[in-house]
Amino acid sequence: MLLVTGANGRLAQATIRELRTIAGGAAIAVTTRDPDAPAAARLALEGVEVRRADFADPESLPAAFAGVRKALVISTMAPNDVRFRLHANAIDAARAAGVEHVVYTSMLGASAEAITEHSRLVHHPTEEHLKASGLDWTVLRHSLYAETLLDDLDRTLATGLLRRPGGERAAAYIARDDLGRSAATVLANDDHAGRVYSETMSATLTGAEIAAALSTAAGRQIGYAPMPSAAWPAYFAEVLGLPAELLTSAGETMRALEAGEFDVVTEDYAAITGRAPTTLAEFLAAHPAFAAPR
Ligand SMILES: NC(=O)c1ccc[n+]([C@@H]2O[C@H](COP(=O)([O-])OP(=O)(O)OC[C@H]3O[C@@H](n4cnc5c(N)ncnc54)[C@H](OP(=O)(O)O)[C@@H]3O)[C@@H](O)[C@H]2O)c1
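Below, the structure is looked at part by part. Starting from 1, residues in each chain are numbered consecutively following that chain's sequence as written. Whole-chain, interface and lining totals are the exception, using all residues; otherwise, since this is a predicted model, local features are given only for residues with pLDDT of at least 70 and side-chain atom pairs are given and counted only at 80 or more. Water and hydrogen atoms play no part in the side-chain values, which are based on all heavy atoms of the structure.

Below, the discussion takes up the packing of helix 1 (residues 10-22) against helix 7 (residues 176-188). Lines are fitted to the C-alpha atoms to define the axes, a helix being fitted only along its stretch in contact, and any angle between axes, read from their N-to-C directions, falls within 0 to 180 degrees. The secondary structure listing takes helices from DSSP runs of H or I that are at least 4 residues long and strands from runs of E that are at least 2 residues long, numbered from the N terminus. Viewed as axis vectors pointing N to C, helix 1 and helix 7 meet at an angle of 50 degrees, and their least axial separation amounts to 7 Å. As the angle between them shows, helix 1 and helix 7 are arranged oblique. Our pair here, helix 1 against helix 7, has a crossing hand that is right-handed. Every residue of helix 7 that contacts helix 1 at Arg10, Leu11, Ala14, Thr15, Arg17, Glu18, Leu19 and Ile22 is listed here: Arg176, Asp177, Leu179, Gly180, Arg181, Ala183, Ala184, Thr185, Leu187 and Ala188. Taken together, the residues of the contact of helix 1 with helix 7 break down into nine nonpolar, three polar and six charged. Orientation labels follow simple angle bins: below 35 degrees gives roughly parallel, above 145 gives roughly antiparallel, 65 to 115 gives roughly perpendicular, and whatever is left gives oblique. Take the far helix as the reference: if the near one is turned anticlockwise from it by less than a right angle, the crossing is left-handed, and if turned clockwise, right-handed. Note on definitions: a residue-residue contact is assigned when non-hydrogen atoms from the two residues lie within 4.5 Å. Note that Gly is not counted as nonpolar here; it falls among the polar residues with everything else outside the nonpolar set of Ala, Val, Leu, Ile, Met, Phe, Trp, Tyr, Cys and Pro and the charged set of Asp, Glu, Lys and Arg.

Moving on, we get to the sheet that holds strand 5 (residues 101-107). Across the sheet, which stays open at both edges, the seven strands sit in the order 3-2-1-4-5-6-10 with parallel pairing between neighbours. At either margin of the open sheet sits one strand with a lone partner, and together these are strand 3 (49-52) and strand 10 (195-199). Across the sheet, the axes of successive neighbouring strands diverge by a mean angle of 20 degrees, strand direction being ignored. Paired strands, as defined in this entry, are two strands with at least two bridges between them according to DSSP. By the bridge criterion, seven bridges tie strand 5 to strand 6 (residues 136-142) in an arrangement that is parallel. Residue threonine 105 lies in a different strand from strand 6, and its bridge partner there is leucine 140. This element, helix 7, spans strand 1 (2-4), strand 4 (70-73), strand 5, strand 6 and strand 10 of the sheet and lies at about 155 degrees to strand 4.

Rendered as structure tokens:
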């Protein structure tokens, strides 16, 4: 049996969609904290086995991993000071349940020295914990989701300006659906053990290049307005309607971008899937935000 955790999440949904196409006759199960939420409930109706699991509740985990041969453990969205423990709980439970192979979704540049706070405090220790677990393992280090470029799309279109830190510095992005495809491919095939993949588009992008792609997609001129990474938490908090204190880690991610931590291109996505990664122009053209005139 193949298992995907966090069934209500967007990466999980993309992965499960692809996995159901390519996994042949393999049984598929998913876990979620909330089996009654719409995405998980729909999967259950479609015949996917939905199990309740919360990495913060170790007692929920033995039954969640029972009978599973290979599991994709999707990193959580929780404060950085608790996330490593959540992931370690999942890995430990998988091993105890007899799972053979765990695939983990990490972050581009994860290391003990990474500037990106969650790479340093969450993904790096989780990778180390997994590698030391005795399980077969695969690490999928994701670059920045292309979707993050659209978090403030209304503001970008209203002002005609894409506001982002980075200046001339380029960074790696990738579409979440591509990451779902590659995660499903790794899960469904047995030749990826002991590999760390860093998944990026075929080119890195500067703010000006992203603004140019947005201009093409939107059919009107959008400029690029650089801002210092220190200003990002306040700006992003205002866009999201959240307190800026909750977004200090996002500021660190932008500081890492400025420092070049994401200025990396690899061919790992194509090596896994046999396909070229979606370009930013393709991603924007297919995105619902640009499907109808705004
Ligand atoms: N590279 C990037 O730019 C980037 C951007 C955003 C996020 N990420 C990371 O990638 C992950 C997937 O992204 P996404 O866009 O799919 O995020 P999302 O839609 O917000 O999904 C969050 C995921 O975390 C799971 N989760 C949260 N707390 C959990 C817990 N205590 N135990 C088990 N699962 C838990 C959720 O599962 P259920 O709700 O079904 O339990 C869900 O799958 C994120 O969680 C985050 O770690 C990366």
